[in-house]
Amino acid sequence: MQRKVMISCAVTGSADTPGRNPAVPVTPAQIAQSAIDAAKAGAAIVHIHVRDPKTTRPSMDASLYKEVVDRIRASGSDVLINLTTGPGTTIKPPAERVRHVVALKPDICSLDMGSMNMGPHVFINTPSHLEAMAVAIRDAGVLPELEVFETGHLLLAKRLIESGHIKAPGMFQICLGIAWAQPATPEAMSYMRSLLPAGSPWFAFGISLHQFPMAAQAILLGGHPRVGLEDNLYLEKGKLAPSNAALVEKAAKIVEILGDIVATPADARAILGLKAVTH
């Protein structure tokens, strides 16, 4: 039986990637246009970070987020907007990390569900901070995307669902291949899927060369794939991706090859229990 599969596109991220692939969008206008193009290519959801237009470094400037969101909404696209609450900002107070989410009320925002060593850095998300952020996100009427990089993160997310900080059944993003967290393997994804709450919609991604194998694996296991220049700069071995849209098109082709249907933004809203677009 054919299933409607949502494709999420992570448009720019916060890593030092613009110098490695010129297609990585930097300015609010570039990020918004790349998101709109990704939606036209089949993405139901766009996951958005912003960058300082002068330095290309990650930013949490609320005015940059507002410009990106306003541009996407003004375009007439009904793509679901998913704003980050930010790598590189984890030592900031919870209220600062969700200020732009409360103000702009996107459809979705990410919520990283734990602490870990991330490459040479330490990524800090204490349970008390996560509880405070979850309540602010819930009260703003925004759906949190529960990003889990290892099994302990998933178990903590389940506890916050049980305690009422997060509305059941939760929506999860299984993040694979990041050093030093869960590896990008079918076994790792299968195990993490087995721990999800019953009825929870879930996405998964693998970084770099694992992007498309993990996209296919997620579809096969009943989940939804995430692709995009945040996670991977190449369309195929040795060939830089010319755009986020090109990565989405390849993911859409995988969905169709596997016998499923690419979900529209309207389909995604129905699957996730979100209101129809009003802008």
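Numbers given to residues run from 1 along each chain, matching the order in which its sequence is written. In view of the model being predicted, local features appear only for residues whose pLDDT reaches at least 70, and side-chain atom pairs are presented and counted only at 80 or more, with totals across whole chains, interfaces and linings using the full set of residues. Remark: hydrogens and water are excluded; side-chain values derive from all non-hydrogen atoms of the structure.

Caption draft 1: Looking closely at the overall build of the chain. Secondary structure elements follow DSSP: runs of H or I no shorter than four residues count as helices, runs of E no shorter than two count as strands, and numbering proceeds from the N terminus. On a plain count of helices and strands, the chain comes out with 9 helices and 16 strands. Computed over C-alpha atoms, the radius of gyration of the chain comes to 17 Å, within 12% of the 19 Å expected from 2.2 N^0.38 for 279 residues, which places it in the range of a compact globule. Taking the principal axes of the C-alpha coordinates as reference, the chain spans close to 45 × 45 × 40 Å. Buried means the residue's accessible area, taken with a 1.4 Å probe over protein chains only, is under 20% of the maximum for its type, while exposed means over 50%, and partly exposed covers the values in between. Here the chain holds 279 residues, and the buried ones make up 53% of them. Long-range pairs, those at least 24 residues apart, make up 71% of the contacts in the chain with a sequence separation of at least 6. For a compact globule the rule gives 2.2 Å times the number of residues to the power 0.38, and the radius of gyration it is set against comes from C-alpha atoms. The contact definition used throughout considers only heavy atoms, calling two residues in contact when any of these lie within 4.5 Å.

Caption draft 2: Structural view of the nonpolar core. Ranked by size, the top nonpolar core spans 41 residues in total, and within it Ile 7, Ile 48, Ile 72 and Val 248 carry the most contacts. Those elements giving two or more residues to this core turn out to be α1 (28-41), β3 (45-48), α2 (62-74), β6 (80-83), α7 (211-220) and α8 (244-257). If you look at the next biggest cluster of nonpolar residues, it comprises 32 residues, including Val 101, Val 148, Ile 161 and Ala 218. Take the buried Ala, Val, Leu, Ile, Met, Phe, Trp, Tyr and Cys residues and link them wherever side-chain atoms come within 4.5 Å; each set so joined is a nonpolar core.

Caption draft 3: View of the pattern of salt bridges. By definition here, a salt bridge exists when the distance from a side-chain nitrogen of Lys or Arg to a carboxyl oxygen of Asp or Glu is within 4 Å. Counting across every chain of the model gives 9 salt bridges. In this structure, Asp 267 and Lys 4 form a salt bridge, with 3.1 Å as the shortest nitrogen-oxygen distance. Here Lys 4 lies in strand β1 (residues 4-5) and Asp 267 lies in helix α9 (residues 265-272), a separation of 263 residues in the sequence. The shortest N-O distance in the salt bridge between Arg 71 and Glu 67 comes to 3.0 Å. A residue pair is termed a helical-turn pair when its members lie 3 or 4 positions apart in one helix, as Arg 71 and Glu 67 do in helix α2 at 4 residues. Here the salt bridges share partners, and the residues they tie into one network are Glu 147, Arg 226, Glu 230 and Asp 231.

Caption draft 4: Looking closely at the environment of Ala 41. Looking at where Ala 41 falls in the secondary structure, it is placed in helix α1. Owing to a relative accessible area of 16%, Ala 41 belongs among the buried residues under this scheme. Linking Ala 41 and Cys 9, residues 32 residues apart in sequence, is a C-alpha distance of 10 Å. In this view, Ala 41 contacts Ala 245, Val 248, Glu 249 and Ala 252; residues no more than four positions away in its chain are not counted.

Caption draft 5: Structural context of the sheet that holds strand β13 (residues 224-227). DSSP-based pairing: two strands are paired if at least 2 bridges between them are found. An order of β2-β3-β6-β7-β10-β11-β12-β13 is seen for the 8 strands of this closed barrel, with the pairing classed as parallel. Taking the axes of each pair of neighbouring strands and ignoring which way they run, one obtains an average angle of 25° across the sheet. When strand β11 (residues 171-176) meets strand β12 (residues 202-206), the two strands line up parallel, connected through 5 bridges. Bridge pairing in β12 places Phe 172 opposite Trp 202. Packed on one face of the sheet, helix α5 (residues 151-162) meets β10 (143-148) and β11 and runs near 150° to β10. Inter-axis angles, ranging from 0 to 180 degrees, are taken between N-to-C directions of lines fitted to C-alpha atoms, where helices are fitted over the stretch in contact.

What is shown is where atoms sit, not what they do.
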